[in-house]
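Structural features, examined
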Amino acid sequence: GESSDDDDADDARRQMISDLLGKGFNVIDVDELVGRIDENDSLLTSINLNAHITLDENNKKQPPTSDTAVRVARALASNTTVKTLDMASCALDNAAAIAVAEMLQTNNTLEKVNMDSNDIHGETIAEVVKKVAASSNNSLTELKMANQKRSLHSAVETELPKLLEANDTIIKLSVSIKDQTARNALERVLYRNRETARKRRLEAKKKKQAAEGGGVRTDSALKGAKCAVCNDVVFAAERLVVDGGGGGGGADSATADVTVLHKKCFRCKKCRKILTLGTYAAIDNKYYCKPHYSQLFKSAGGTYDTLGSGVRKGSGSSNTNSAVAAKFKSTAEMCTVCDKRVFVTEKVTLDLGGGSGNTAIVHKLCLKCKECSTKLTEATFVAVGKSLFCKRHAKEASEAAIKEKQQEFGGATSMYTDVIAHRASQSKASGGGGGGGSSQ
(Lines give C-alpha, C1' and ligand atoms only; values in the text may rest on other atoms or scores of the structure.)
Protein backbone atom coordinates (compact mmCIF):
# COMPACT_ATOMS: atom_id res chain seq x y z
CA GLY A 1 0.00 0.00 0.00
CA GLU A 2 2.58 2.63 1.07
CA SER A 3 4.94 1.66 -1.75
CA SER A 4 2.13 2.03 -4.28
CA ASP A 5 1.16 5.43 -2.87
CA ASP A 6 4.80 6.62 -3.05
CA ASP A 7 5.06 5.48 -6.67
CA ASP A 8 1.86 7.32 -7.54
CA ALA A 9 3.15 10.47 -5.84
CA ASP A 10 6.45 10.26 -7.70
CA ASP A 11 4.64 9.77 -11.00
CA ALA A 12 2.42 12.78 -10.28
CA ARG A 13 5.47 14.91 -9.42
CA ARG A 14 7.30 13.88 -12.57
CA GLN A 15 4.22 14.63 -14.66
CA MET A 16 3.92 18.10 -13.13
CA ILE A 17 7.60 18.83 -13.77
CA SER A 18 7.16 17.70 -17.38
CA ASP A 19 4.12 19.95 -17.81
CA LEU A 20 5.93 22.96 -16.33
CA LEU A 21 8.97 22.39 -18.53
CA GLY A 22 6.66 22.24 -21.53
CA LYS A 23 5.29 25.65 -20.57
CA GLY A 24 8.80 27.16 -20.50
CA PHE A 25 9.47 27.07 -16.73
CA ASN A 26 13.01 26.27 -15.58
CA VAL A 27 12.16 23.63 -12.96
CA ILE A 28 15.01 22.48 -10.71
CA ASP A 29 15.11 19.47 -8.39
CA VAL A 30 17.77 20.77 -6.01
CA ASP A 31 18.44 17.45 -4.24
CA GLU A 32 18.94 15.61 -7.52
CA LEU A 33 21.18 18.39 -8.89
CA VAL A 34 23.41 18.50 -5.81
CA GLY A 35 23.70 14.72 -5.91
CA ARG A 36 24.91 14.75 -9.50
CA ILE A 37 27.43 17.48 -8.66
CA ASP A 38 28.78 15.46 -5.71
CA GLU A 39 29.11 12.37 -7.90
CA ASN A 40 31.01 14.27 -10.63
CA ASP A 41 28.47 13.21 -13.24
CA SER A 42 30.41 13.39 -16.52
CA LEU A 43 27.25 14.36 -18.42
CA LEU A 44 26.74 17.42 -16.21
CA THR A 45 28.92 20.12 -17.75
CA SER A 46 26.51 23.07 -17.53
CA ILE A 47 24.10 24.20 -14.79
CA ASN A 48 21.26 26.60 -15.59
CA LEU A 49 19.55 28.11 -12.55
CA ASN A 50 18.38 31.24 -14.36
CA ALA A 51 15.00 32.38 -13.00
CA HIS A 52 14.30 28.82 -11.86
CA ILE A 53 11.48 27.48 -9.76
CA THR A 54 11.28 24.48 -7.42
CA LEU A 55 8.45 22.27 -6.22
CA ASP A 56 7.80 21.80 -2.50
CA GLU A 57 6.59 18.56 -0.93
CA ASN A 58 3.03 19.41 -1.95
CA ASN A 59 4.09 20.02 -5.54
CA LYS A 60 3.51 23.74 -5.20
CA LYS A 61 5.70 26.11 -7.27
CA GLN A 62 8.28 28.00 -5.24
CA PRO A 63 10.44 30.94 -6.41
CA PRO A 64 14.27 30.75 -6.31
CA THR A 65 16.01 31.35 -2.99
CA SER A 66 19.53 32.29 -2.00
CA ASP A 67 19.84 29.02 -0.06
CA THR A 68 19.65 27.00 -3.28
CA ALA A 69 22.60 28.93 -4.75
CA VAL A 70 24.62 28.38 -1.56
CA ARG A 71 24.01 24.60 -1.66
CA VAL A 72 25.00 24.39 -5.32
CA ALA A 73 28.12 26.54 -4.78
CA ARG A 74 29.35 24.42 -1.87
CA ALA A 75 28.82 21.22 -3.85
CA LEU A 76 30.84 22.64 -6.78
CA ALA A 77 33.94 23.30 -4.64
CA SER A 78 35.42 19.90 -5.51
CA ASN A 79 33.56 19.22 -8.77
CA THR A 80 35.61 18.57 -11.92
CA THR A 81 32.97 18.31 -14.67
CA VAL A 82 30.85 21.49 -14.62
CA LYS A 83 32.25 24.29 -16.80
CA THR A 84 29.33 26.75 -16.93
CA LEU A 85 27.20 28.03 -14.03
CA ASP A 86 24.27 30.37 -14.78
CA MET A 87 22.47 31.97 -11.82
CA ALA A 88 20.87 35.09 -13.26
CA SER A 89 17.65 36.30 -11.59
CA CYS A 90 17.98 33.77 -8.79
CA ALA A 91 17.46 36.07 -5.77
CA LEU A 92 21.15 35.84 -4.93
CA ASP A 93 22.16 37.98 -1.96
CA ASN A 94 25.54 38.91 -0.53
CA ALA A 95 25.93 35.61 1.34
CA ALA A 96 25.31 33.57 -1.80
CA ALA A 97 27.77 35.66 -3.82
CA ILE A 98 30.48 35.15 -1.19
CA ALA A 99 29.74 31.40 -1.22
CA VAL A 100 30.31 31.39 -5.00
CA ALA A 101 33.58 33.33 -4.58
CA GLU A 102 34.86 30.90 -1.95
CA MET A 103 33.96 27.99 -4.22
CA LEU A 104 35.95 29.55 -7.07
CA GLN A 105 39.04 29.70 -4.84
CA THR A 106 39.25 25.89 -4.92
CA ASN A 107 37.38 24.92 -8.12
CA ASN A 108 39.64 24.77 -11.18
CA THR A 109 37.11 23.57 -13.74
CA LEU A 110 34.47 26.29 -14.02
CA GLU A 111 35.08 28.62 -16.96
CA LYS A 112 31.97 30.84 -16.93
CA VAL A 113 29.87 32.10 -13.99
CA ASN A 114 26.82 34.31 -14.47
CA MET A 115 25.28 36.15 -11.48
CA ASP A 116 23.55 38.96 -13.40
CA SER A 117 20.29 40.58 -12.22
CA ASN A 118 20.35 39.74 -8.52
CA ASP A 119 20.67 41.68 -5.24
CA ILE A 120 24.43 41.76 -4.71
CA HIS A 121 25.85 44.95 -3.19
CA GLY A 122 28.77 46.81 -4.71
CA GLU A 123 31.09 46.06 -1.79
CA THR A 124 30.30 42.35 -2.16
CA ILE A 125 31.03 42.46 -5.91
CA ALA A 126 34.43 43.96 -5.10
CA GLU A 127 35.01 41.22 -2.51
CA VAL A 128 34.14 38.51 -5.04
CA VAL A 129 36.63 39.93 -7.56
CA LYS A 130 39.27 40.23 -4.84
CA LYS A 131 38.86 36.62 -3.67
CA VAL A 132 38.94 35.21 -7.20
CA ALA A 133 41.91 37.33 -8.31
CA ALA A 134 43.96 36.38 -5.24
CA SER A 135 43.21 32.66 -5.56
CA SER A 136 45.00 29.96 -7.55
CA ASN A 137 42.04 29.62 -9.90
CA ASN A 138 43.28 29.43 -13.50
CA SER A 139 40.17 28.20 -15.32
CA LEU A 140 37.67 31.06 -14.93
CA THR A 141 37.52 33.29 -18.02
CA GLU A 142 34.10 34.95 -17.71
CA LEU A 143 32.43 36.46 -14.62
CA LYS A 144 29.11 38.34 -14.89
CA MET A 145 27.63 40.46 -12.09
CA ALA A 146 25.81 43.26 -13.94
CA ASN A 147 22.30 44.74 -13.50
CA GLN A 148 22.08 44.40 -9.72
CA LYS A 149 19.25 46.07 -7.78
CA ARG A 150 21.69 48.64 -6.34
CA SER A 151 24.13 50.73 -8.37
CA LEU A 152 27.86 50.62 -7.63
CA HIS A 153 29.43 53.40 -5.59
CA SER A 154 32.11 55.40 -7.39
CA ALA A 155 34.73 54.13 -4.94
CA VAL A 156 33.87 50.51 -5.88
CA GLU A 157 34.00 51.34 -9.60
CA THR A 158 37.49 52.78 -9.19
CA GLU A 159 38.65 49.83 -7.09
CA LEU A 160 37.55 46.99 -9.39
CA PRO A 161 40.28 47.41 -12.08
CA LYS A 162 42.94 47.47 -9.34
CA LEU A 163 41.58 44.28 -7.77
CA LEU A 164 41.56 42.47 -11.10
CA GLU A 165 45.23 43.29 -11.75
CA ALA A 166 46.26 40.18 -9.81
CA ASN A 167 44.30 37.90 -12.20
CA ASP A 168 45.42 37.02 -15.74
CA THR A 169 42.73 34.54 -16.86
CA ILE A 170 39.46 36.51 -16.71
CA ILE A 171 38.89 38.03 -20.16
CA LYS A 172 35.30 39.17 -19.59
CA LEU A 173 34.08 40.88 -16.39
CA SER A 174 30.51 42.13 -16.70
CA VAL A 175 29.62 44.81 -14.12
CA SER A 176 27.55 48.00 -14.39
CA ILE A 177 30.15 50.80 -14.21
CA LYS A 178 29.04 54.36 -15.00
CA ASP A 179 32.36 56.18 -14.66
CA GLN A 180 34.15 56.28 -18.03
CA THR A 181 37.63 56.42 -16.49
CA ALA A 182 36.93 53.32 -14.43
CA ARG A 183 35.52 51.51 -17.49
CA ASN A 184 38.63 52.34 -19.49
CA ALA A 185 40.89 51.12 -16.70
CA LEU A 186 38.96 47.85 -16.46
CA GLU A 187 39.09 47.36 -20.23
CA ARG A 188 42.90 47.78 -20.21
CA VAL A 189 43.23 44.96 -17.68
CA LEU A 190 40.86 42.72 -19.63
CA TYR A 191 42.73 43.46 -22.87
CA ARG A 192 45.98 42.45 -21.18
CA ASN A 193 44.36 39.19 -20.09
CA ARG A 194 43.04 38.52 -23.60
CA GLU A 195 46.53 38.96 -25.02
CA THR A 196 47.89 36.61 -22.37
CA ALA A 197 45.24 34.03 -23.30
CA ARG A 198 46.12 34.38 -26.99
CA LYS A 199 49.81 33.76 -26.30
CA ARG A 200 48.94 30.73 -24.20
CA ARG A 201 46.87 29.27 -27.02
CA LEU A 202 49.71 29.86 -29.45
CA GLU A 203 52.21 28.21 -27.14
CA ALA A 204 49.89 25.25 -26.63
CA LYS A 205 49.51 24.90 -30.39
CA LYS A 206 53.27 24.89 -30.85
CA LYS A 207 53.68 22.22 -28.19
CA LYS A 208 51.01 20.10 -29.84
CA GLN A 209 52.69 20.44 -33.23
CA ALA A 210 56.02 19.53 -31.67
CA ALA A 211 54.51 16.44 -30.09
CA GLU A 212 52.81 15.33 -33.31
CA GLY A 213 55.33 16.38 -35.93
CA GLY A 214 58.62 16.60 -34.09
CA GLY A 215 59.39 20.25 -34.75
CA VAL A 216 57.83 23.69 -35.03
CA ARG A 217 58.85 26.29 -37.56
CA THR A 218 59.21 29.75 -35.97
CA ASP A 219 59.88 33.21 -37.35
CA SER A 220 63.32 33.19 -35.75
CA ALA A 221 64.20 30.01 -37.67
CA LEU A 222 63.40 31.78 -40.96
CA LYS A 223 65.21 35.01 -40.12
CA GLY A 224 67.79 35.85 -42.81
CA ALA A 225 66.46 33.22 -45.24
CA LYS A 226 66.89 34.03 -48.94
CA CYS A 227 64.26 33.91 -51.67
CA ALA A 228 64.39 30.71 -53.74
CA VAL A 229 63.76 32.76 -56.93
CA CYS A 230 65.82 35.96 -56.70
CA ASN A 231 68.24 34.90 -53.91
CA ASP A 232 67.72 38.14 -51.95
CA VAL A 233 67.04 38.18 -48.21
CA VAL A 234 63.34 37.86 -47.36
CA PHE A 235 61.98 40.01 -44.53
CA ALA A 236 58.96 38.99 -42.45
CA ALA A 237 56.53 41.48 -44.04
CA GLU A 238 57.17 40.15 -47.57
CA ARG A 239 57.72 36.48 -46.72
CA LEU A 240 55.80 33.57 -48.22
CA VAL A 241 56.50 30.04 -47.01
CA VAL A 242 55.68 27.15 -49.34
CA ASP A 243 55.68 23.54 -48.19
CA GLY A 244 58.47 21.50 -49.71
CA GLY A 245 62.15 22.37 -49.42
CA GLY A 246 64.90 22.48 -51.99
CA GLY A 247 63.52 25.39 -53.98
CA GLY A 248 66.90 26.66 -55.13
CA GLY A 249 68.23 30.15 -54.53
CA GLY A 250 71.07 29.27 -52.20
CA ALA A 251 71.54 27.18 -49.09
CA ASP A 252 69.63 29.67 -46.99
CA SER A 253 66.53 29.64 -49.17
CA ALA A 254 64.80 26.73 -47.48
CA THR A 255 64.59 24.92 -44.19
CA ALA A 256 64.32 21.14 -44.11
CA ASP A 257 60.67 21.16 -45.17
CA VAL A 258 59.80 24.56 -46.64
CA THR A 259 60.78 27.00 -49.40
CA VAL A 260 60.96 30.74 -48.65
CA LEU A 261 59.93 33.28 -51.29
CA HIS A 262 59.09 36.96 -51.70
CA LYS A 263 55.37 37.35 -52.30
CA LYS A 264 56.15 39.23 -55.54
CA CYS A 265 58.43 36.39 -56.73
CA PHE A 266 55.77 33.72 -56.33
CA ARG A 267 54.66 33.70 -59.99
CA CYS A 268 53.54 31.23 -62.64
CA LYS A 269 56.53 30.17 -64.75
CA LYS A 270 54.37 30.33 -67.89
CA CYS A 271 52.29 33.54 -67.61
CA ARG A 272 54.10 35.31 -64.72
CA LYS A 273 50.82 35.78 -62.84
CA ILE A 274 51.30 36.26 -59.07
CA LEU A 275 50.21 33.12 -57.24
CA THR A 276 48.79 32.41 -53.79
CA LEU A 277 49.03 29.35 -51.60
CA GLY A 278 45.57 28.33 -52.79
CA THR A 279 46.12 28.76 -56.54
CA TYR A 280 49.47 27.19 -57.38
CA ALA A 281 50.78 23.81 -58.53
CA ALA A 282 54.43 22.80 -58.32
CA ILE A 283 56.61 20.34 -60.21
CA ASP A 284 60.40 20.11 -59.79
CA ASN A 285 60.38 23.29 -57.65
CA LYS A 286 58.81 25.28 -60.50
CA TYR A 287 55.46 26.95 -59.86
CA TYR A 288 52.47 27.24 -62.19
CA CYS A 289 48.96 28.62 -62.05
CA LYS A 290 46.47 25.78 -62.21
CA PRO A 291 45.27 26.50 -65.80
CA HIS A 292 48.81 26.37 -67.23
CA TYR A 293 49.74 23.42 -65.04
CA SER A 294 46.87 21.49 -66.64
CA GLN A 295 47.41 22.92 -70.12
CA LEU A 296 51.05 21.91 -70.32
CA PHE A 297 50.21 18.30 -69.58
CA LYS A 298 47.36 18.24 -72.11
CA SER A 299 49.44 19.87 -74.88
CA ALA A 300 52.08 17.20 -74.35
CA GLY A 301 49.52 14.55 -75.25
CA GLY A 302 50.24 12.67 -72.07
CA THR A 303 53.92 12.06 -72.97
CA TYR A 304 55.46 14.19 -70.22
CA ASP A 305 55.85 12.77 -66.74
CA THR A 306 57.01 16.04 -65.17
CA LEU A 307 56.69 19.73 -65.89
CA GLY A 308 59.51 22.19 -66.51
CA SER A 309 62.30 19.62 -66.86
CA GLY A 310 61.81 18.60 -70.53
CA VAL A 311 62.06 14.95 -69.54
CA ARG A 312 60.07 12.74 -71.88
CA LYS A 313 58.49 9.48 -70.86
CA GLY A 314 60.84 6.52 -71.18
CA SER A 315 64.02 8.60 -71.07
CA GLY A 316 65.17 6.83 -67.93
CA SER A 317 65.25 9.99 -65.80
CA SER A 318 64.92 9.45 -62.05
CA ASN A 319 63.07 12.78 -61.76
CA THR A 320 59.88 11.55 -63.41
CA ASN A 321 56.70 11.74 -61.40
CA SER A 322 54.44 9.02 -62.77
CA ALA A 323 51.75 9.58 -60.15
CA VAL A 324 51.24 13.17 -61.31
CA ALA A 325 51.52 12.27 -64.98
CA ALA A 326 48.90 9.55 -64.64
CA LYS A 327 46.43 12.15 -63.47
CA PHE A 328 46.68 14.04 -66.76
CA LYS A 329 47.56 11.23 -69.18
CA SER A 330 45.26 10.84 -72.18
CA THR A 331 42.78 7.96 -72.13
CA ALA A 332 42.77 7.85 -75.99
CA GLU A 333 38.96 8.11 -75.83
CA MET A 334 36.88 10.71 -77.63
CA CYS A 335 33.97 12.74 -76.28
CA THR A 336 30.63 11.62 -77.76
CA VAL A 337 29.38 15.22 -77.83
CA CYS A 338 32.31 17.31 -79.11
CA ASP A 339 34.43 14.49 -80.61
CA LYS A 340 37.59 15.70 -78.86
CA ARG A 341 40.04 13.73 -76.73
CA VAL A 342 38.98 13.06 -73.13
CA PHE A 343 41.52 13.07 -70.28
CA VAL A 344 41.11 11.17 -67.02
CA THR A 345 40.45 14.23 -64.86
CA GLU A 346 37.57 15.43 -67.10
CA LYS A 347 36.04 12.09 -68.03
CA VAL A 348 32.40 11.10 -67.36
CA THR A 349 31.03 7.70 -68.40
CA LEU A 350 27.30 7.62 -69.15
CA ASP A 351 25.28 4.40 -69.04
CA LEU A 352 22.86 4.41 -71.97
CA GLY A 353 21.09 1.23 -70.91
CA GLY A 354 20.18 -1.69 -73.12
CA GLY A 355 22.82 -4.04 -71.74
CA SER A 356 26.45 -4.03 -70.63
CA GLY A 357 28.90 -1.98 -72.62
CA ASN A 358 26.33 0.46 -73.96
CA THR A 359 28.05 3.59 -72.64
CA ALA A 360 29.17 7.00 -73.81
CA ILE A 361 32.26 8.98 -72.82
CA VAL A 362 31.91 12.77 -72.44
CA HIS A 363 33.78 15.71 -70.93
CA LYS A 364 32.38 17.04 -67.66
CA LEU A 365 31.81 20.38 -69.40
CA CYS A 366 29.94 18.70 -72.25
CA LEU A 367 27.44 17.10 -69.87
CA LYS A 368 24.72 19.70 -70.42
CA CYS A 369 21.45 20.08 -72.33
CA LYS A 370 22.06 20.96 -75.97
CA GLU A 371 18.94 23.12 -76.04
CA CYS A 372 19.03 25.11 -72.76
CA SER A 373 22.62 24.42 -71.54
CA THR A 374 21.35 23.18 -68.16
CA LYS A 375 24.05 21.19 -66.36
CA LEU A 376 23.23 17.48 -66.27
CA THR A 377 24.32 14.49 -64.20
CA GLU A 378 24.54 10.75 -64.84
CA ALA A 379 21.01 10.50 -63.42
CA THR A 380 19.30 13.37 -65.28
CA PHE A 381 20.52 13.17 -68.89
CA VAL A 382 18.66 11.85 -71.94
CA ALA A 383 20.74 11.02 -75.03
CA VAL A 384 19.25 11.56 -78.49
CA GLY A 385 21.77 10.48 -81.08
CA LYS A 386 25.07 12.07 -80.08
CA SER A 387 23.41 14.94 -78.25
CA LEU A 388 22.42 15.25 -74.59
CA PHE A 389 19.21 16.87 -73.37
CA CYS A 390 17.36 17.56 -70.17
CA LYS A 391 14.13 15.59 -69.83
CA ARG A 392 12.00 18.56 -70.90
CA HIS A 393 13.79 19.09 -74.23
CA ALA A 394 14.46 15.38 -74.87
CA LYS A 395 10.83 14.85 -75.95
CA GLU A 396 11.05 17.57 -78.59
CA ALA A 397 14.38 16.20 -79.84
CA SER A 398 12.96 12.65 -80.06
CA GLU A 399 9.95 13.83 -82.09
CA ALA A 400 12.25 15.72 -84.45
CA ALA A 401 14.39 12.58 -84.87
CA ILE A 402 11.28 10.53 -85.72
CA LYS A 403 10.23 13.00 -88.42
CA GLU A 404 13.75 13.00 -89.84
CA LYS A 405 13.75 9.19 -90.06
CA GLN A 406 10.33 9.23 -91.66
CA GLN A 407 11.58 11.55 -94.38
CA GLU A 408 14.66 9.38 -94.82
CA PHE A 409 12.46 6.35 -95.47
CA GLY A 410 10.29 8.33 -97.88
CA GLY A 411 7.16 8.73 -95.83
CA ALA A 412 8.06 5.80 -93.54
CA THR A 413 5.72 3.02 -92.66
CA SER A 414 3.60 3.08 -89.56
CA MET A 415 5.62 0.10 -88.34
CA TYR A 416 8.79 2.21 -88.15
CA THR A 417 6.89 4.95 -86.34
CA ASP A 418 5.65 2.36 -83.86
CA VAL A 419 9.21 1.13 -83.25
CA ILE A 420 10.46 4.65 -82.57
CA ALA A 421 7.53 5.35 -80.24
CA HIS A 422 8.16 2.08 -78.39
CA ARG A 423 11.83 3.02 -77.85
CA ALA A 424 10.83 6.47 -76.60
CA SER A 425 8.37 4.93 -74.09
CA GLN A 426 11.09 2.56 -72.85
CA SER A 427 13.43 5.51 -72.33
CA LYS A 428 10.72 7.40 -70.38
CA ALA A 429 9.96 4.36 -68.22
CA SER A 430 13.65 3.96 -67.33
CA GLY A 431 13.81 7.54 -65.98
CA GLY A 432 15.89 9.29 -68.64
CA GLY A 433 19.59 8.93 -67.79
CA GLY A 434 21.78 6.68 -65.73
CA GLY A 435 20.66 3.44 -67.35
CA GLY A 436 18.63 3.64 -70.52
CA GLY A 437 18.76 7.35 -71.30
CA SER A 438 19.26 6.91 -75.03
CA SER A 439 16.80 7.53 -77.86
CA GLN A 440 18.00 6.66 -81.30
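Worth saying up front: this structure is predicted, and the values here are computed from it rather than measured.

Regarding its fold elements, the protein presents twelve helices and 18 strands. Considering the protein as a whole, with its 440 residues, one finds that 38% of them fall into the buried category. Sequence-distant contacts in the protein: of pairs separated by 6 or more residues, those separated by 24 or more amount to 56%. About 25,000 Å² of surface is accessible on the protein, with carbon and sulfur atoms providing 49% of the total.

This part takes up the sheet that holds strand β7 (residues 172-174). Within the open sheet, the five strands sit side by side as β1-β4-β5-β6-β7. Their pairing is parallel. A single partner strand is all that each edge strand has here, and the edge strands are β1 (46-48) and β7. Taking the axes of each pair of neighbouring strands and ignoring which way they run, one obtains an average angle of 5° across the sheet. The sheet contact formed by strand β4 (residues 84-86) and strand β5 (residues 112-114) spans three bridges and is parallel. When the sheet's bridge partners are listed, Leu 85 is paired in β5 with Val 113.

So, on to the nonpolar core. Counting 51 residues, the largest nonpolar core has Ile 47, Met 115 and Leu 173 as its most contacted members. Of all the secondary-structure elements, those providing two or more residues to this core are α2 (30-38), α3 (66-76), α4 (94-104), α5 (122-134), α6 (154-164) and α7 (180-213). Of the residues forming this core, the biggest block, seven residues, is contributed by α4. Formed by 21 residues, the second largest nonpolar core is a distinct cluster that contains Cys 369, Phe 381, Val 384 and Cys 390.

At a minimum axis distance of 9 Å, the contact between α4 and α5 shows a crossing angle of 10°. As the angle between them shows, α4 and α5 are arranged roughly parallel. Contacts between α4 and α5 involve Asn 94, Ala 97, Ile 98, Ala 101, Glu 102 and Leu 104 from the first element and Thr 124, Glu 127, Val 128, Lys 131 and Val 132 from the second.

Further remarks concern the side chain of His 393. Its place among the elements puts His 393 in helix α11 (residues 391-408). Residue His 393 is classed as buried on the basis of its relative accessible area of 9%. Not counting chain neighbours up to four residues away, the residues in contact with His 393 comprise Cys 369, Glu 371 and Cys 372.

Residues other than glycine seldom take positive phi values, yet Asn 147 does so here, at roughly 60°. Residue Asp 339 is not a glycine yet carries a positive backbone phi of 65°. Mapped onto the secondary structure, Asp 339 falls in the loop between β12 (330-334) and β13 (341-343).

Here we come to the pattern of salt bridges. Throughout the structure, instances matching the rule amount to nine salt bridges. The closest approach of N and O atoms between Asp 119 and Arg 150, which form a salt bridge, is 2.7 Å. In this pair, Asp 119 is assigned in the loop between β5 and α5 and Arg 150 in the loop between β6 (142-144) and α6, connecting sequence segments 31 residues apart. For Glu 165, the salt bridge identified is with Arg 192, shortest N-O distance 3.0 Å. Residue Glu 165 is found in the loop between α6 and β7, and its partner Arg 192 is found in helix α7; the two are separated by 27 residues along the sequence. Residue classification places Arg 192 among the partly exposed positions, given a relative accessible area of 29%.

This next bit is on the confidence of the model for the protein. Confidence in the prediction of the protein, expressed as mean pLDDT, is 79, and 74% of residues score 70 or more. The element-level mean pLDDT for the protein is lowest in helix α10 (residues 322-328), coming to 46, with β5 highest at 97. Confidence drops under a pLDDT of 50 for residues 213-217, and excluding neighbours within four residues, the segment shows ten contacts in the predicted structure. A low-confidence stretch, residues 245-256 (pLDDT under 50), is modelled with 29 contacts involving residues beyond four sequence positions or located in other chains.

Attention now moves to α6. Residues Val 156, Glu 157, Leu 160, Pro 161, Leu 163 and Leu 164 constitute the buried set of α6. Projected down its long axis, α6 shows its buried positions confined to an angular sector of 165°, all on one face. More than 90 degrees from the buried face of α6, the exposed residues found are Ser 154, Ala 155 and Lys 162.

We now examine the packing of α3 against α4. Between two packed helices, the angle of one axis relative to the other and the distance separating the axes together describe the packing. The contact between α3 and α4 brings their axes to 9 Å, and the two run at 5°. Considering their axes alone, α3 and α4 lie roughly parallel with respect to each other. Residues Ser 66, Ala 69, Val 70, Ala 73 and Leu 76 of α3 form the contact with α4, whose participating residues are Ala 96, Ala 99, Val 100 and Met 103. Tallied by class, the residues present in the contact of α3 with α4 amount to eight nonpolar, one polar and no charged.

What counts, and at which threshold
Residues numbered from 1 in each chain as written. Predicted model: local features only at pLDDT ≥ 70, side-chain atom pairs only at ≥ 80, totals over all residues. Heavy atoms only, no water. Helix = DSSP H or I, 4+ residues; strand = E, 2+ residues; numbered from the N terminus. Buried < 20%, exposed > 50% of the residue type's maximum accessible area, 1.4 Å probe, protein only. Contact = heavy atoms within 4.5 Å. Areas by Shrake-Rupley, 256 points an atom, 1.4 Å probe, with all protein chains shown as cover. Pairing = 2+ DSSP bridges. Axes fitted to C-alpha atoms, helices over the stretch in contact; angles between N-to-C directions. Core = buried A, V, L, I, M, F, W, Y, C linked by side-chain atoms within 4.5 Å. Parallel < 35°, antiparallel > 145°, perpendicular 65-115°, else oblique. Salt bridge = Lys/Arg side-chain N within 4 Å of Asp/Glu carboxyl O. pLDDT = per-residue confidence, 0-100. Arc of directions from axis to C-beta. Nonpolar A, V, L, I, M, F, W, Y, C, P; charged D, E, K, R; others polar.

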